[in-house]
Amino acid sequence: MSNRLNVAPNDLSAFWMPFTANRQFKKAPRMLVGAQDMHYVAADGRKILDGTAGLWCVNAGHCRPKITEAIREQAGELDYAPAFQMGHPKVFELANRLVDLAPDHLNHVMFTNSGSESVETALKVALAYHRAKGNGSRFRLIGRERGYHGVNFGGISVGGIVSNRKMFGTLLTGVDHLPHTHLPAKNAYTRGEPEHGADLADELERIVTLHDASTIAAVIVEPVAGSTGVLIPPKGYLKRLREICDKHGILLIFDEVITGFGRLGTPFAADYFDVKPDIVTTAKGLTNGVIPMGAVFVTDEIHNAFMTGPEHLIEFFHGYTYSGNPMASAAALGTLDTYREEGLLTRGAELADYWADALHSLKDTRHVIDIRNIGLIGAIELEPAAGEPTKRAFSAFVKAFEKGCLIRTTGDIIALSPPLIIEKNQIDELIDTVRTVLGEVD
Ligand code: PXG
């Protein structure tokens, strides 16, 4: 570890931190100064067990050698190549590797720099696809209550988390929302996919009846809703959505920014649920979180709809300066190598039962009102403190950090999503810490 370990910045006010209680943080900062495998190192030198894979992204664990080396080499070889009208070999190699890994029907990929950009890209592809096919009247985008699709305008429009939307005016027009699938009265403490709620997919029929199918371009959902506090789709729900979309010529977009790259014990959630989305958005685990990058997968049908007209013309007016840039491409290739060599994209399936047992052992712990799990994702929902929603979970988060574990909270829900390299004794440590912390918070 470097000798910078104990050096704390002396002024914290300049940096307006994202999605952070800035004033609370700056009074008692939680600084991370190092990381290796399953652990962070805090500024006071303590090792912190990472129960959240950073922000759901460090799937292979921290500072993995293949990834570090790939970045180091790339930085000295080709730093940047223009993304438009020029190419470099690694981005093509990456695209090939990714479509090999993705479900069979997804054969083309575009690159972005974040999950939010992947979502904007997917929504724009959906609209433009219909227009290219002569169906320009399909302009509506359907999201879902409690959905999280990043923070850009398209994403918050189809998203369904009120605090992410309410400050920002009219958003996109022509958007409607499916109901969320959280049915605690019927499904509390379910292991894996809940029994009740597949019929909520039929709400799409109601939306189609209201707006007419000829106005609807796409439906976007997270296969497992993450940020809102882990809502696992009821059995049969996603297949039903697919059927209704097919019936009405509507594209189905899976936002796999969290579920992509092994989180459920399969490479993608589309594999886990055996559903074929038309478009899949990813980011996070694509580069193990090390360098920002996202990827959007599409079918041949969508891709080929654009490959018309004179060949010297740009087919799709969209892209970013850093789309598929060499450093991110190298990081992604190093990440895919690491996943493959260590079998990480299916390791979640091997650990899923142990993980589920450990989580559900918290059932009778103080404050707990529901526990949910799938793959290597877990959620522990707490009874909110009277009159002070979110405070109890936030206190648990702060206390867990003091006790050497990084957990994540959203509202009064603790969400856990450790790196896929976690060992069973570390699962025990994480869950025991949560148990202790819940015994201590008011
Ligand atoms: N879609 C989904 C499904 C996501 O989970 C994004 C899009 C946006 O990705 P970017 O890279 O633009 O942040 C996300 C991001 C949390 C948490 O703790 C979740 C996300 C980001 C930060 C925190 O739940 N998801």
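Residues numbered from 1 in each chain as written. Predicted model: local features only at pLDDT ≥ 70, side-chain atom pairs only at ≥ 80, totals over all residues.

Colleague: Please provide a residue-by-residue account of the site of the ligand, values included.
Modeller: In the vicinity of the ligand lie 18 residues, with Gly115, Ser116, Gly150, Ser227 and Val257 positioned nearest. Breaking the shell around the ligand down by element, the ones donating at least two residues are helix H2 (53-56), helix H5 (115-132) and strand S14 (408-410). Considering every element that reaches the shell around the ligand, the biggest residue donor is H5, with three residues. Its residues placed into classes, the shell around the ligand shows seven nonpolar, eight polar and three charged. Viewed by domain, the shell around the ligand spans two of them, domain 1 (22-63 + 345-440) and domain 2 (68-342), each represented by three or more residues. (Near = placed C-beta within 6 Å. Helix = DSSP H or I, 4+ residues; strand = E, 2+ residues; numbered from the N terminus. Nonpolar A, V, L, I, M, F, W, Y, C, P; charged D, E, K, R; others polar. Domains from an automatic or database assignment.)

Colleague: Can you break down helix H16 (residues 424-440) residue by residue, with the values?
Modeller: Taking 1.5 Å per residue as the helical rise, H16 with its 17 residues ought to reach 24 Å, and the 25 Å between its terminal C-alpha atoms agrees with that figure. Among the residues of H16, those classed as buried are Ile427, Leu430, Ile431, Thr433, Val434, Val437 and Leu438. Here the buried residues of H16 occupy an arc of 150° about the axis, which is enough to place them on one side. Opposite the packed face of H16, turned more than 90 degrees from it, sit the exposed residues Lys424, Asn425, Gly439 and Glu440. (Expected span 1.5 Å × (residues − 1). Buried ≥ 20, exposed ≤ 12 C-beta atoms within 10 Å, placed from the backbone. Arc of directions from axis to C-beta.)

Colleague: An account of the packing of helix H3 (residues 65-77) against helix H13 (residues 326-342) is requested, with residue identities and associated values reported.
Modeller: In the contact formed by H3 and H13, the axes pass within 8 Å of each other and the chain directions differ by 155°. Here H3 lies roughly antiparallel to H13, going by the angle between them. Read as a crossing pair, H3 and H13 show a hand that is right-handed. Where H3 abuts H13, its residues Lys66, Ile67, Glu69, Ala70, Ile71, Gln74 and Ala75 lie against Pro326, Met327, Ala330, Ala331, Leu333, Gly334, Thr335, Asp337 and Thr338. Tallied by class, residues from the contact of H3 with H13 come to nine nonpolar, four polar and three charged. (Axes fitted to C-alpha atoms, helices over the stretch in contact; angles between N-to-C directions. Parallel < 35°, antiparallel > 145°, perpendicular 65-115°, else oblique. Left-handed = near helix turned anticlockwise from the far one by under 90°. Contact = placed C-beta atoms within 7 Å.)

Colleague: Before we move on, could you go through the domain arrangement of the chain and cite the residues and values that matter?
Modeller: Taken domain by domain, the chain consists of domain 1 (22-63 + 345-440) and domain 2 (68-342). On a C-alpha basis, the centroid separation for the pair domain 1 and domain 2 is 26 Å. Listed as interface residues are 32 residues of domain 1 and, on the opposing side, 29 residues of domain 2. Secondary-structure elements contributing two or more residues to the side of domain 1 that touches domain 2 are H2, helix H14 (344-360), strand S11 (368-374), strand S12 (377-382) and strand S15 (413-416).

Colleague: Mind laying out the sheet that holds strand S1 (residues 32-36), listing which residues take part and the relevant values?
Modeller: Spatial ordering of the open sheet is given by S1-S2-S3-S13, a layout of four strands whose pairing is mixed. Strands with a single pairing partner mark the edges of an open sheet, and in this sheet they are S1 and strand S13 (405-406). Note that strand S2 (residues 39-42) and strand S3 (residues 47-50) share three bridges and pair antiparallel. Within S3, the residue paired with His39 across the bridge is Leu49. (Pairing = 2+ DSSP bridges.)

Colleague: Break down the sheet that holds S12 for me, with residues and values.
Modeller: Whenever strands of a sheet pair, they do so through backbone hydrogen bonds, lying parallel or antiparallel. Taken together, the four strands give an open sheet; going across it, the order is S11-S12-S15-S14, and neighbouring strands pair in antiparallel fashion. Each having just a single partner strand, S11 and S14 make up the two edges of the open sheet. For this sheet the average axis-to-axis angle between neighbouring strands, irrespective of direction, equals 20°. With three bridges connecting them, S14 and S15 associate as antiparallel partners. From the neighbouring strand, Thr409 faces S15, where its bridge partner is Ile414. Relative to the sheet, H14 contacts S11 and S12, its axis offset from that of S11 by approximately 175°. Most of the contacts of helix H15 (residues 391-402) go to S14, to which it runs at about 170°, and overall it touches S12, S14 and S15.

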